[in-house]
Amino acid sequence: MTTLGAVFRPQLPPEDLRSVARLADDVGLEELWLWEDCFREGGISTAAAALAWTERVRIGVGLLPVPLRNVAITAMEAATLHRMFPDRAILTVGHGVQDWMGQVGARAESPLTLLREHLVALRALLRGERVTTDGRYVKLDDVALDWPPAPGGTIHVLAGATGPRTLRLAGEVADGTLLTASTPPDGVRRARALIDEGQAAAGRSEPHKLVVYLLTATGPDAAARLRAELTDEGVADVPDLGVAGDAGAVAKAVQRLVEAGADTVVLQPTADEPDPEGFVRFAAEEVRPLVP
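Residues numbered from 1 in each chain as written. Predicted model: local features only at pLDDT ≥ 70, side-chain atom pairs only at ≥ 80, totals over all residues. Heavy atoms only, no water.

1. Describing the environment of Ala 24
Piece 1. With respect to the element layout, Ala 24 can be found in helix 1 (residues 17-27).
Piece 2. Considering only alpha carbons, one finds Ala 24 and Val 66, 42 residues apart in sequence, at a separation of 28 Å.
Piece 3. Discounting residues that sit within four places of it in the chain, Ala 24 has contacts with Leu 29, Arg 56, Val 57 and Val 280. (Helix = DSSP H or I, 4+ residues; strand = E, 2+ residues; numbered from the N terminus. Contact = heavy atoms within 4.5 Å.)

2. Let's talk about the nonpolar core
Piece 1. Residues Leu 32, Leu 126, Val 254, Val 265, Leu 267 and Val 287 are the most contacted members of the largest nonpolar core, which totals 80 residues.
Piece 2. Setting aside chain neighbours within four positions, we find Leu 32 in contact with Ala 6, Val 7, Phe 8, Leu 17, Val 20, Ala 21, Val 57, Arg 58, Ile 59 and Gly 60.
Piece 3. Membership of the second largest hydrophobic core comes to 17 residues, among which are Trp 33, Leu 178, Leu 215 and Leu 230. (Core = buried A, V, L, I, M, F, W, Y, C linked by side-chain atoms within 4.5 Å. Buried < 20%, exposed > 50% of the residue type's maximum accessible area, 1.4 Å probe, protein only.)

3. Description of the side chain of Thr 92
Piece 1. Within the secondary structure, Thr 92 sits in strand 4 (residues 89-94).
Piece 2. In this structure Thr 92 comes out as buried when scored by relative accessible area, which is 0%.
Piece 3. Apart from residues lying up to four places away in sequence, Thr 92 is in contact with Trp 33, Val 61, Gly 62, Leu 63, Leu 64, Leu 158, Ala 159, Gly 160 and Leu 178.

4. Structural notes on empty space enclosed by the protein
Piece 1. A complete count under the given rule lists two cavities of 30 Å³ or more for this structure.
Piece 2. In this structure, the largest cavity encloses a volume near 90 Å³.
Piece 3. Taken together, Val 7, Phe 8, Arg 9, Leu 12, Val 20, Pro 269, Thr 270, Ala 271, Asp 272, Glu 273, Pro 276 and Val 280 form the lining of the largest cavity.
Piece 4. Every element with two or more residues in the lining of the largest cavity is listed here: strand 1 (3-8) and helix 10 (276-287).
Piece 5. Each residue belonging to the lining of the largest cavity can be placed in one class, and the counts come to eight nonpolar, one polar and three charged.
Piece 6. Put simply, the second largest cavity is a space of about 80 Å³.
Piece 7. Around the second largest cavity, the lining residues are Ala 181, Thr 183, Pro 184, Pro 185, Tyr 213, Leu 214, Asp 240, Leu 241, Gly 242, Ala 253, Arg 256 and Leu 257.
Piece 8. At the level of secondary structure, the elements contributing two or more residues to the lining of the second largest cavity comprise strand 9 (209-217) and helix 9 (247-260).
Piece 9. With three residues, the single largest contributor to the lining of the second largest cavity is helix 9. (1 Å grid on protein atoms, 1.4 Å probe; cavity = no way out; pocket = protein on both sides within 12 Å on 5 of 7 lines; lining within 4 Å. Points joined across faces, edges and corners; volume = space filled by probe spheres on them. Nonpolar A, V, L, I, M, F, W, Y, C, P; charged D, E, K, R; others polar.)

5. Topic: unusual backbone geometry
Piece 1. The amide bond that connects Cys 38 to the next residue, Phe 39, takes the cis arrangement and shows omega of 0°.
Piece 2. For Phe 39, the location among the structural elements is in the loop between strand 2 (31-34) and helix 2 (43-53).
Piece 3. The step from Gly 62 to Leu 63 runs through a cis peptide bond, and the omega angle for that step is 10°.
Piece 4. Not every positive phi belongs to a glycine, and Asp 142 is a case in point at roughly 60°.
Piece 5. Structurally, Asp 142 can be placed in strand 6 (residues 139-143).
Piece 6. A residue is classified by how much of its surface remains accessible, and Asp 142, at 43% relative accessible area, is partly exposed.
Piece 7. The residue Asp 240 is not glycine, and still its phi comes out positive at about 60°.
Piece 8. Note that Asp 240 resides in the loop between helix 8 (222-232) and strand 10 (243-244).

6. Side note on the packing of helix 1 against helix 10
Piece 1. Across the interface, helix 1 lies against helix 10 with an axial gap of 9 Å and an inter-helix angle of 20°. When the axis of helix 1 is compared with that of helix 10, the two are roughly parallel. Along this stretch, helix 1 crosses helix 10, giving a crossing that reads as right-handed. On helix 10, the residues touching Ser 19, Val 20, Leu 23, Ala 24 and Val 27 of helix 1 are Pro 276, Glu 277, Val 280, Arg 281, Ala 284 and Glu 285. (Axes fitted to C-alpha atoms, helices over the stretch in contact; angles between N-to-C directions. Parallel < 35°, antiparallel > 145°, perpendicular 65-115°, else oblique. Left-handed = near helix turned anticlockwise from the far one by under 90°.)

7. Description of the pairing of strand 5 (residues 131-134)
Piece 1. Taken together, the three bridges between strand 5 and strand 6 define a ladder with antiparallel strand orientation. Looking at strand 6, one finds that Val 131 is bridged to Val 143.
Piece 2. Between strand 5 and strand 6, which pair antiparallel and follow one another directly, the connecting turn spans four residues. (Pairing = 2+ DSSP bridges.)

8. Description of the layout of surface pockets
Piece 1. There is about 950 Å³ of room inside the largest pocket.
Piece 2. Along the wall of the largest pocket there are 37 residues; nearest its centre are Trp 35, Asp 37, Val 97, Thr 180 and Glu 233.
Piece 3. Of all elements in the fold, only strand 3 (58-65), helix 4 (98-103), strand 8 (176-179), strand 9 and helix 8 reach the threshold of two or more residues within the lining of the largest pocket.
Piece 4. If you tally residues by element for the lining of the largest pocket, the top one is helix 8, at five residues.
Piece 5. Classifying every residue of the lining of the largest pocket gives 16 nonpolar, twelve polar and nine charged.

9. Topic: helix 5 (residues 111-126)
Piece 1. Taking 1.5 Å per residue as the helical rise, helix 5 with its 16 residues ought to reach 22 Å, and the 22 Å between its terminal C-alpha atoms agrees with that figure.
Piece 2. The complete set of buried residues in helix 5 reads Leu 114, Leu 115, Glu 117, His 118, Leu 119, Ala 121, Leu 122, Arg 123, Ala 124, Leu 125 and Leu 126.
Piece 3. Elements that come into contact with the buried residues of helix 5 comprise helix 3 (71-84), strand 4, strand 5, strand 6, strand 7 (157-160) and helix 6 (164-173).
Piece 4. Among the residues trailing helix 5, Gly 128 stands out with phi positive, at a value near 85°. (Expected span 1.5 Å × (residues − 1).)

By themselves, these figures tell us nothing about what the structure is for.
Pasting the structure below:
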């Protein structure tokens, strides 16, 4: 069965998260996703709060920019969330927006090398291993978590990816991949093929979760809001990108992404969505029943 989620966008003030998260829990939404966008809201702090306010909804963070984070801190926070809220936190790491990384003096000369080193070390620490590594960016000397994920538990670490090299890397060393809302169905197919190449190169055969954001607008002004956001993002000419309409239209767009290779589709409202709580209710109560 396809997993369906929705995004709480960081254009909303953080104090609005509580009501949206609780509603997501109450109406049966499967996943609520948060962003760590510079310079708005922290991914771990908002995830911890949302998990504490709810009982069952899974909380995803897409994504934590690795240039901003020592891998030991990422591992400590991930393991802590998992032990407090087993199997409900989904963490994604990625390059981050390079202009933003430059603003804070954290831009890496080789983002791909940094992401590889971070992912390899992070997954090892979360497996409870003691890690010593002396990479170009990641350096650990006899580091192990005192409180790794509880026995029998696992944390699946996703990689945010767009370019071919990062997609192959995700297949090699991550447990799943997150694609942005600028990915149409054909882009999902290409991404899945590149991920498969990476998995094959690493000799991996386990399932690899593919999560795709879908820019979604509903209501009387849906088409105009969708078109305006696509124009602002410079992707208005990309075919089959985003969806505007009622639950039936959105469900069909979700299904196109699933047929292209997505396992999870996360509905991303426009930045000017007038009713964030209504959007979550729409996703859970109107779209979910129409998605196999």
